[in-house]
Amino acid sequence: MPPWVGPVADYLAGGLRETVLLALVSIAASLLAGILLGAVLTLPSRPVRGVVRAYVEVWRGLPIIIILFFIFFVLPIIGVRVNTFAAAAIGLSLWGSANMAEVVRGAVQSVPRGQAEAAAALGFSWTGRMRHVLLPQAARRALPPLIGLVVNLIQQTSLAAVIGLLDILEASQRSIERLTLSGGSTHAVPILGAVLAVFFIICLPLTMLSRWYERRLH
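Residues numbered from 1 in each chain as written. Predicted model: local features only at pLDDT ≥ 70, side-chain atom pairs only at ≥ 80, totals over all residues. Heavy atoms only, no water.

**Q** I'm lost on the overall build of the protein in this one. Help?
**A** A count of helices and strands for the protein gives eight helices and zero strands. Across the protein, helices and strands are ordered from the amino to the carboxyl terminus as α-α-α-α-α-α-α-α. Each of the three principal axes of the protein carries a C-alpha extent, and together these read 75 × 50 × 20 Å. Across the protein, the fraction of contacts at a sequence separation of at least 24, relative to all contacts at a separation of at least 6, is 75%. Looking at the protein as shown, the accessible area adds up to about 11,900 Å², and 67% of this sits on carbon and sulfur atoms. (Helix = DSSP H or I, 4+ residues; strand = E, 2+ residues; numbered from the N terminus. Contact = heavy atoms within 4.5 Å. Areas by Shrake-Rupley, 256 points an atom, 1.4 Å probe, with all protein chains shown as cover.)

**Q** What is the right way to read the packing of aromatic side chains from this model?
**A** Centre distance and the angle of the planes are the two values used to describe a pair of aromatic rings. Under the criterion given, the structure shown has three aromatic pairs. For the ring pair Phe69 and Phe73, a centre distance of 5.6 Å and an interplane angle of 45° mean the geometry is tilted. Here the residue Phe69 and the residue Phe73 both occupy positions in helix 3 (residues 64–74), the gap between them amounting to four residues, near one helical turn. A relative accessible area of 33% means that Phe69 is categorised as partly exposed. A relative accessible area of 44% means that Phe73 is categorised as partly exposed. Consider the rings of Trp212 and Tyr213, whose centres lie 6.4 Å apart with planes at 55°: the pair is tilted. (Phe/Tyr/Trp six-rings, centres within 6.5 Å; stacked < 30°, edge-to-face > 60°. Buried < 20%, exposed > 50% of the residue type's maximum accessible area, 1.4 Å probe, protein only.)

**Q** Before we go on, may I ask you to explain the environment of Phe199 in this structure?
**A** Note that Phe199 resides in helix 8 (residues 188–217). The class for Phe199 is buried, based on a relative accessible area of 16%. Separated by 109 residues in the primary sequence, Phe199 and Ile90 have C-alpha atoms spaced 21 Å apart. With sequence-adjacent residues up to four places away left out, Phe199 is seen in contact with Thr19, Ile154, Gln155, Thr157, Ser158 and Ile168.

**Q** I would appreciate a short explanation of the environment of Val52 in the present structure.
**A** In this structure, Val52 sits in helix 2 (residues 46–60). A C-alpha to C-alpha distance of 44 Å links Val52 and Ile176, two positions 124 residues apart in sequence. If we skip the residues at most four places from it in the chain, Val52 touches Leu37, Val40 and Leu41.

**Q** Mind showing me how you'd approach the pattern of salt bridges here?
**A** Any two side chains of opposite charge can pair, so long as their charged atoms come close to each other. Scanning the entire structure with this criterion turns up four salt bridges. One salt bridge in this structure joins Glu57 and Arg53, with 2.8 Å as the shortest N-O distance. Residue Glu57 and its partner Arg53 are located together in helix 2, separated by four residues, close to a single helical turn. Measuring nitrogen to oxygen at the nearest pair gives 3.0 Å for the salt bridge that ties Arg174 to Glu170. You can see Arg174 and its partner Glu170 sitting in helix 7 (residues 168–183), four residues apart, about one turn around the helix. Assessed through its relative accessible area of 28%, Arg174 is described here as partly exposed. (Salt bridge = Lys/Arg side-chain N within 4 Å of Asp/Glu carboxyl O.)

**Q** Explanation requested: the nonpolar core in the structure shown.
**A** The tendency in soluble globular proteins is for nonpolar side chains to be buried side by side. Core analysis: the largest hydrophobic core is formed by 58 residues, its most contacted members being Leu22, Ala88, Ile154 and Ile191. Elements with a contribution of two residues or more to this core: helix 1 (5–40), helix 2, helix 3, helix 4 (84–110), helix 6 (126–156), helix 7 and helix 8. Ranked by residue count, the leading element in this core is helix 4, at 14 residues. Those residues in contact with Ala88 that lie beyond four places of it in its chain are Leu22, Leu68, Ala160, Ile163 and Leu165. (Core = buried A, V, L, I, M, F, W, Y, C linked by side-chain atoms within 4.5 Å.)

**Q** What should I look at first to understand helix 4 in this one?
**A** Residue pairs three or four apart in sequence face the same way in an α-helix, which turns once every 3.6 residues. Spanning 27 residues, helix 4 covers 39 Å between terminal C-alpha atoms, matching the ideal 39 Å at 1.5 Å per step. By the criterion of burial, helix 4 is predominantly enclosed, with 21 of the 27 residues buried. In this structure Asn83 caps helix 4, since a side-chain oxygen of it lies 3.2 Å from the backbone nitrogen of Phe85. (Expected span 1.5 Å × (residues − 1). Polar contact = N/O pair within 3.5 Å; in protein donor to acceptor, adjacent residues only side chain to side chain.)

**Q** Explanation requested: the environment of Glu214 in the structure shown.
**A** By the secondary structure assignment, Glu214 is in helix 8. With 106 residues separating them along the chain, Glu214 and Val108 place their C-alpha atoms 17 Å apart.

**Q** Explain a nonpolar patch on the surface to me, please; I cannot follow it from the model alone.
**A** Where nonpolar side chains cluster on the molecular surface, the patch consists of Val58, Leu62, Ile66, Phe69, Phe70, Phe73, Val74, Ile77, Ile78, Val80 and Val162 and spans about 960 Å² of accessible area. Counting residues per element, the nonpolar patch draws most heavily on helix 3, which supplies five residues. Topologically, Phe70 is positioned in helix 3. (Patch = residues over 30% accessible without salt bridge, like charges linked within 9 Å, V, L, I, M, F, W, Y side chains within 5 Å.)

Laid out in structure tokens, this is it:
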């Protein structure tokens, strides 16, 4: 085995840990906020729905890289400073929660209206109807697209490299630069190939799970 492989592998492993942690934080925050916001989008109150709708449309309509730049470079101008990991997690969570909220809203509204009316007739409050009647049924419809969004979020973590987060992609780029300066050979193909393989191994089972569950629902 070439002598450069061991140090590069250790360096990439550190970047992979950062990528996995970023993905877990972003997915958890996006799911929690997305479910809550999606449920609020079904409220009868138009002003409340309007506020949440504005949030969803703003963050869904912006590229993730623009959100990351805004959080990391613009917020310090007004005195709000965050480190690279926090900036990446916040940016991905804003984008992810907005998209997940739309998925949850569509799933809830796809439940036959009679279900909600029957629950209301039995005396359930809006919270009770959501918790016991609508969300359990909507979860079956929402799960495949939510898994797809989770896969998308995992892939989008690579964008955090543009603000300097030492994730697996940034670690690979720095390794290539160091090898080029020290030995004149980049070894870019095997290094980037390893990064590609890591994302493929992580995302493929989730993609297959989404397809399997969607077929099962049909």
